[in-house]
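If you want the building blocks of each chain, they are given just below.
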Amino acid sequence: HRPAKSLFSVQVGALMGHAASAESPRRHPAATIKITGSSPRASSSSSSSSQSASSSSMNFKVPRLFYVCGAAPQDLVPWTPGQRWKRSLGKAPASISKSRGGLVGLVNMGNTCFMNAALQCLSHIEPINAYFLTGKYMEELNPNNPYGTGGNLAKGFAKLQEMLWQRSSRSQTPSQIYGTLSKFAQHLFRDADQQDAQELLAYLLDGLHEDLNLVKMDKKEREASPSKSPPEDPDEEDLRLAQLEREKGEEYVAALTWMRHLLRHKSVLVDLFQGQLRSRLTCCVCGHQSKTFDPYLYMSLPVHYGMRTLEDALVHFLKEESLTGAERWRCPNCKTHVDAIKKIDLWKLPAVLVIHLKRFEFDSSTCRLRKINAKIRAPLTIDLSSFVSAPQKGAMVYDVISVANHIGHAGRGHYTATCRHPVDGRFYHFNDTDVYEVQPDVDEIITKEAYVLFLMRQDSTDWERQSISRPEVWPHNVSRRNSLMLPAVWEAVGMQPPPPQAPDEELSPEEAAEDLVLEAKPSRDEEAEEDSDQEPREVVEQAEVVHEEQEPRAHDDDDSPGSQIF
């Protein structure tokens, strides 16, 4: 029950929720051109060699936005990503091919359909392709990170974005990124066998994070960092955090844990893809609760034949689990192994949520993996507000933007991808080199072959880059004038806070009240306890009203080369 050493490899068991009605994505007026491509997508009974394509002529809907500079002889036209992603943009202007931008297939290089599907899904996430196409990644490249690939994976992925978005050819061969992945992740390409798209995605996201990690440490410093080193006495640490929670609340402890995470992990991948879980163990003897708050990069959701919806899997995952017999837990208060209740909750949701459907299980009768072909239904717009246990800053309504599919059986199937184009909002199916539009119907996009889902939060507010010195942009309810969190920030960066400065103006009662609410807003469990006791706690007792303090920021742009921690 300790945080995983590799904070980017936390796998958990479920996610999904109720549907919320929403309008379909806004579409731009479209022009029609004729191209040659494959006809319908391979059926679920097709074999792994679905590489032959029909030569039938199809009508392609290409957004008129591609033709904004149609009078110019060149194929590239300007592209302006969504305003909310402005923090992910570099200095170079974004441009895409007016004829094939985002509609380019990838050549199968020998059982690499699993790689092609994963790359297409990740490449159709707007803030990701904008980050690479505008050159922002070069400003944040960390080639000396001993846990990265020397920047090779980030450069290979940038080259892939150029091929998918700025080339006019119908298909491209992803040689550079294939070479990098097969060199640094040989286990994913052993014996030229087909591997798992989800495993490749996990490695790809982790590798890109390390190549772009703004925290610059050598291996020795990283091993000795506070976020890496375990406490000398786990029992004492557990009891200390429990006392800290009683004094300042769960949100404070969760934010403190997140701050320690940022001391070691800080990249565009953390900002976009990482959320936070709360794990609770309750002693059945003394009632002591041990809680940890762990970051997650994706959700691994269990699939069973009796399940019909993603909501079923989420409810199954969130239910309590009894630990008895050989699974008994050692209570730090009782100092012995006891029966316990285990519970995992969703604490913070990321901007981009990756959901892995665990369709493969070990069959003890055959000693082989078998695939669970259950039809798991979900709407294209999903409201997760009923399944989180803490207040969220952003919206809790998500849109399905990409799906990686697995067709066939375990070990001998085929991977494809279905992705929403970030420019025109239409969905397209990517079957290696074959690309064609699909109807925006849930049964066409989330089929019984769906294996990995990518969801993006519906939110009109600007997306922010996180740093140690700016707790107000963390996913937690921490205000800019926070009197509780800032001392911990100063301690984390090894500096002494400056003496208080006289404010330019006094805070209004409304501003002061807002700070108090942000600092001490209770979780749903705390609210339930208050209702049962009928004695609500006063948030004023949990926070001290102070004037705005000078924050520990060296620059307005905290990603400056002069700071290795911020």
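This one's a predicted model, so the numbers in the text were calculated from it and none came from an experiment.

Novice: What am I meant to see in the side chain of Glu 126 here?
Specialist: Inspection of the secondary structure assignment puts Glu 126 in helix α2 (residues 126-133). Here Glu 126 is buried and forms no salt bridge, its nearest opposite-charge partner Arg 84 lying at an N-O distance of 6.7 Å. Those residues in contact with Glu 126 that sit more than four places away from it in its chain are Trp 79, Pro 81, Gly 82, Trp 85, Pro 422 and Met 456.

Novice: Would you mind going over helix α1 (residues 113-123) with me for this structure?
Specialist: Three- or four-residue spacings in an α-helix give side chains the same orientation, since the helix completes a turn every 3.6 residues. Of all eleven residues in α1, eleven are buried, a share of seventy percent or more. Of the positions making up α1, those classed as buried are Cys 113, Phe 114, Met 115, Asn 116, Ala 117, Ala 118, Leu 119, Gln 120, Cys 121, Leu 122 and Ser 123.

Novice: Got a minute to help me understand the environment of Arg 368 in this structure?
Specialist: Here Arg 368 is to be found in strand β17 (residues 368-371). Look at Arg 368 and you get exposed, because its relative accessible area is 61%. Sequence-wise, Arg 368 and Ala 410 are 42 residues apart; in three dimensions their C-alpha atoms are separated by 8.8 Å. For Arg 368, the contacting residues outside a window of four places in its chain are Glu 361, Phe 362 and Asp 363.

Novice: Whenever I open this one, the pattern of salt bridges confuses me. Can you help?
Specialist: Two side chains carrying opposite charge are able to pair once their charged atoms lie near each other. Scanning the model with the defined rule gives 30 salt bridges in all. Within this structure, Glu 245, Glu 250, Arg 278, Arg 280, Lys 291, Lys 343 and Asp 345 form a network of salt bridges that share partners.

Novice: Just checking my understanding: could you explain the side chain of Lys 343 for this structure?
Specialist: Following the sequence through the fold, Lys 343 ends up in strand β14 (residues 340-348). In terms of polar contacts, Lys 343 uses its side chain to reach the side chain of Asp 345, at 2.5 Å.

Novice: I would appreciate a short explanation of the confidence of the model for the protein in the present structure.
Specialist: As a note on interpretation, predicted positions should not be read in detail where pLDDT is low. Looking at the protein, pLDDT values average 77 and 68% of them are 70 or higher. Considering only residues more than four positions removed or in separate chains, one finds that residues 1-73, a stretch of pLDDT under 50, has 187 contacts.

Novice: Is there a simple way to explain the pairing of strand β9 (residues 289-296) in this structure?
Specialist: Look at any regular strand and the pattern is simple: side chains alternate between the two faces of the sheet. Along β9, seven of the eight residues are buried, which leaves the element largely enclosed by surrounding structure. Of the strand pairs in this sheet, strand β8 (residues 275-283) and β9 are connected by eight bridges, and their pairing is antiparallel. Counted as the bridge partner of Ser 279 is Thr 292 from β9.

About the criteria used
- Numbering of residues begins from 1 in every chain and follows the order in which that chain's sequence is written.
- Confidence filtering applies because this is a predicted model: local features only for residues at pLDDT of at least 70, side-chain atom pairs given and counted only at 80 or more, and all residues used for totals across whole chains, interfaces and linings.
- For the side-chain quantities, the full set of heavy atoms in the structure was used; hydrogens and water were omitted.
- In this text, helices come from DSSP runs of H or I with a minimum length of four residues, and strands from runs of E with a minimum of two, each type numbered from the N-terminal end.
- Burial classification: accessible surface area is computed with a 1.4 Å probe over protein chains only, and a residue below 20% of its type maximum counts as buried, one above 50% as exposed, and the rest as partly exposed.
- Charge assignment in this entry is limited to Lys and Arg as positive and Asp and Glu as negative, and neither His nor the chain termini are counted.
- Here a salt bridge means any side-chain nitrogen of Lys or Arg lying within 4 Å of a carboxyl oxygen belonging to Asp or Glu.
- Any two residues whose heavy atoms approach within 4.5 Å are treated as being in contact.
- Any N or O atom pair separated by 3.5 Å or less is treated as a polar contact, with the protein-specific requirement of one donor-capable and one acceptor-capable atom, and with residues adjacent in sequence counted only for side-chain atom pairs.
- The quantity known as pLDDT measures the predictor's confidence residue by residue, on a range of 0 to 100.
- Think of it this way: DSSP has to see at least two bridges between two strands before they count as a pair.

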